[in-house]
Amino acid sequence: MNAVRRALLLAVTLALCACASFAPGDPPQVDVVGVQPLQGQGMELRMLVKLRVINPNDTPIEYDGVYLEMDVRGKRFASGVSDMRGAVPRFGEAVLSVPVSVPAVAMLRQALGMAQGDTSSIGYVISGKLSGPQWRNTRFSSEGEFKLPEGMR
């Protein structure tokens, strides 16, 4: 019985060590570096959001698909996916382009909010994931502000 306990303890220890090797590193830093208009359908707005992904880890971040959500002024504004694949090099960076859709209701909600409040800057939060191989998804989140030009305030 004592040998069975030792074998079981050794197996559990090895399993925990194996799981620790899959532990993710630091989350990537993700910044919006560009937004371009795309052809929309009906009342939806489409945009191509360009993200700079910085990998602060000593292993590359491999991805096979990207998901992105964007909240503006605390409300859901846009979301999108891309089936692009690649890798962000270790201690490196890459620019990813993700097409997003903005529903008409979200546009209307933001326009009404701007008409009623301060329009000097617009706060946003982006979050999403880089879908990796073998369930190794890398999640990210970032926030910032858009400063509107003087003539648009």
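No experiment lies behind these values; they were computed from the predicted model shown.

Caption draft 1: Layout of the overall build of the chain. In terms of helices and strands, the chain carries 2 helices and 7 strands. Reading the secondary structure of the chain in the N-to-C direction produces α-β-β-β-β-β-α-β-β. For the chain, restricting intrachain contacts to residue pairs at least 6 apart in sequence, the fraction spanning at least 24 positions comes to 61%.

Caption draft 2: Spatial organisation of the nonpolar core. Core analysis: the largest hydrophobic core is formed by 26 residues, its most contacted members being Leu 51, Leu 68, Phe 77, Ile 126 and Leu 130. Those elements giving two or more residues to this core turn out to be strand 1 (29–38), strand 2 (45–54), strand 3 (61–72), strand 4 (75–88), strand 5 (93–102) and strand 6 (121–130). When residues in this core are grouped by element, the largest group, 6 residues, is from strand 3. Sequence-distant contacts of Leu 68, defined by excluding residues within four places in its chain, comprise Val 49, Leu 51, Ala 78, Ser 79, Gly 80, Val 98, Val 100, Ile 126, Ser 127, Gly 128 and Phe 140.

Caption draft 3: Local environment of the environment of Phe 140. Here Phe 140 is to be found in strand 7 (residues 138–147). Using a relative accessible area of 5% as the deciding quantity, one classes Phe 140 as buried. A sequence separation of 110 residues divides Phe 140 from Val 30, and the C-alpha atoms of the two residues are 6.9 Å apart. Every residue in contact with Phe 140, bar those within four places of it in the chain, is listed here: Pro 28, Val 30, Leu 51, Tyr 67, Leu 68, Ile 126, Ser 127, Gly 128, Lys 129 and Leu 130.

Caption draft 4: Up close: the pattern of salt bridges. Inspection of the entire model under this criterion finds 4 salt bridges. The salt bridge partner of Arg 52 is Glu 93, with a shortest N-O separation of 2.9 Å. Of the two residues, Arg 52 is situated in strand 2 and Glu 93 in strand 5; the sequence distance between them amounts to 41 residues. For Glu 93, a relative accessible area of 44% puts it in the partly exposed group. Linked through salt bridges whose partners overlap, the residues forming this network are Glu 69, Asp 71 and Arg 76.

Caption draft 5: Representation of the environment of Glu 93. Taking C-alpha positions, Glu 93 is 9.3 Å from Pro 28, a pair spaced 65 residues apart along the chain. Among the polar contacts listed, one links the side chain of Glu 93 to the side chain of Arg 52, at a separation of 2.9 Å.

Caption draft 6: Summary view of the confidence of the model for the chain. The share of residues in the chain with pLDDT of 70 or more is 79%, and the mean pLDDT across the chain is 84. Here helix 1 (residues 2–21) stands out as the least confident element of the chain, with mean pLDDT 60; strand 5 is the most confident, with 96.

Caption draft 7: Structural view of unusual backbone geometry. In this structure, Arg 73 takes a positive phi of about 55° despite not being glycine. Residue classification places Arg 73 among the partly exposed residues on the basis of a relative accessible area of 29%. Backbone geometry places Phe 91, a non-glycine residue, at a positive phi of 45°. If you trace the backbone, Phe 91 turns up in the loop between strand 4 and strand 5.

Caption draft 8: Fine view of the pairing of strand 2. In this structure, strand 1 lies alongside strand 2, joined through 9 bridges in antiparallel fashion. Across the sheet, Gln 29 pairs through a bridge with Ile 54, a residue of strand 2. Where strand 1 hands over to strand 2, the hairpin turn is made up of 6 residues, of which Gly 42 adopts a positive phi near 60°. Pairing of strand 2 with strand 5, which is carried by 10 bridges, proceeds in the antiparallel orientation. Residue pairing in the sheet places Arg 52 in a bridge with Val 95 of strand 5.

What counts and what doesn't
- Residues numbered from 1 in each chain as written.
- Predicted model: local features only at pLDDT ≥ 70, side-chain atom pairs only at ≥ 80, totals over all residues.
- Heavy atoms only, no water.
- Helix = DSSP H or I, 4+ residues; strand = E, 2+ residues; numbered from the N terminus.
- Contact = heavy atoms within 4.5 Å.
- Core = buried A, V, L, I, M, F, W, Y, C linked by side-chain atoms within 4.5 Å.
- Buried < 20%, exposed > 50% of the residue type's maximum accessible area, 1.4 Å probe, protein only.
- Salt bridge = Lys/Arg side-chain N within 4 Å of Asp/Glu carboxyl O.
- Polar contact = N/O pair within 3.5 Å; in protein donor to acceptor, adjacent residues only side chain to side chain.
- pLDDT = per-residue confidence, 0-100.
- Pairing = 2+ DSSP bridges.

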